[in-house]
Amino acid sequence: MRSRMELAALTSEKSTSTLPSLLLSAVDDWHSGNAGKDLADSTTSRASYTLDSSLDSVNKIEQTAEVSAQRAGFDEDTVSHVAMAVREAAVNAVLHGNSYDPNKHITASFETTRESLIVRITDQGPGLNPDTLPDPLAPENILRGSGRGIFLIRAFMDEVHFRQLHPGTELTLIKYRTPAQPGT
Amino acid sequence: MSMKVQTRQVDGVTILDLSGRITLGEGSVTIRDAVRDVLAKGSNKILLNLGDVNYIDSSGIGELVSAFTTVKNAGGELKLLNLTKKVHDLLQITKLYTVFDVKDDEASAISSFSK
């Protein structure tokens, strides 16, 4: 598990691009407690970042998601799944939302509550209607070279919500810290 | 971190040994270029060894699919070898595991290509 200092270094690193990666509002109030041992012992935190529309930003968000999921006490597989889902959301924001536009930003926020890890990714693009996305599992789409990102996000997270920002899209990804009880 | 490709020939089959991450901007273009190079050199029996690929995202999956269809359309065969658990699970989730011909032994993979 990375230290608080490493996380701070990771998320506050400055970009050399024309629109630098700015850490606008980081509320890094981690109380690590027994993260990874006892989910009922609440570990709460909240941090948000505004980044430029680049693959470098995608990698930073993915790494931050991995650290956040580790600190929330998820097992190794779940940490990997959360990090991938968040990466896919960030790729969507940078690539399909902002189209790498240097004048547009993406935001990423990470909130750990007693019950969940909640990640929100926003872009400033034309907006995304999830109902219009083709089913990547349909026989006519199975050999397509793209279109699996949202599917994987939904596969790996417990809740996924889309909100139109006019302009832009906000994706909210939620992973429950306490597993659902059988039969509920 | 980024992907590396090494190419070797065994009994008329071109094996691409991939290692690293296959993601947007890292390995996906590398695979595309490597497969095109193989086809351009006249070989259309390709075995992608993914044993050292520790991470793949949806872009990387898309590139594997594109490589598969490109080789198939060229009259050839592309097979996968040595999937890690992460890649195996992703191909299962996306229903692609049965689309690809997946092998876990190089010798039998080589002999499975049409002569």
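Residues numbered from 1 in each chain as written. Chains lettered and ligands numbered in written order. Predicted model: local features only at pLDDT ≥ 70, side-chain atom pairs only at ≥ 80, totals over all residues. Heavy atoms only, no water.

Turning our eyes to something else, we now look at the pattern of salt bridges. As enumerated under the stated definition, the model contains 15 salt bridges over all chains in all. Among the salt bridges present, the one from Glu111(A) reaches Arg120(A), with a minimum N-O distance of 3.8 Å. By relative accessible area, which is 25% here, Glu111(A) ends up partly exposed. Residue Arg120(A) is classed as partly exposed on the basis of its relative accessible area, which comes to 29%. The closest approach of N and O atoms between Arg32(B) and Glu63(B), which form a salt bridge, is 2.4 Å. Linking Arg32(B) in helix α1 (residues 28-40) with Glu63(B) in helix α2 (residues 58-73), this pair joins segments that are 31 residues apart in sequence. We classify Glu63(B) as buried; its relative accessible area is 9%. Overlapping salt bridges, with partners in common, bring together Glu62(A), Arg87(A), Arg21(B) and Asp57(B) in one network. (Salt bridge = Lys/Arg side-chain N within 4 Å of Asp/Glu carboxyl O. Buried < 20%, exposed > 50% of the residue type's maximum accessible area, 1.4 Å probe, protein only. Helix = DSSP H or I, 4+ residues; strand = E, 2+ residues; numbered from the N terminus.)

When pLDDT is averaged along chain A, the result is 81, and 73% of the positions lie at 70 or above. Taken as a whole, residues 1-41 of chain A scores under 50 in pLDDT and shows 76 contacts with residues more than four places along the chain or in a different chain. (pLDDT = per-residue confidence, 0-100. Contact = heavy atoms within 4.5 Å.)

With that settled, the discussion passes to the nonpolar core. Counting 64 residues, the largest nonpolar core has Leu50(B) and Leu78(B) as the members making the most contacts within it. The element contributing the most residues to this core is helix α3 (residues 76-97) of chain A, with 10 residues. Setting aside residues up to four positions removed in sequence, Leu50(B) forms contacts with Leu18(B), Ile22(B), Leu64(B), Leu80(B), Leu81(B), Asn82(B), Leu83(B), Thr84(B) and Val87(B). The next biggest cluster of nonpolar side chains, apart from the first, holds seven residues, and it includes Leu47(B), Leu81(B), Ala109(B) and Phe113(B). (Core = buried A, V, L, I, M, F, W, Y, C linked by side-chain atoms within 4.5 Å.)

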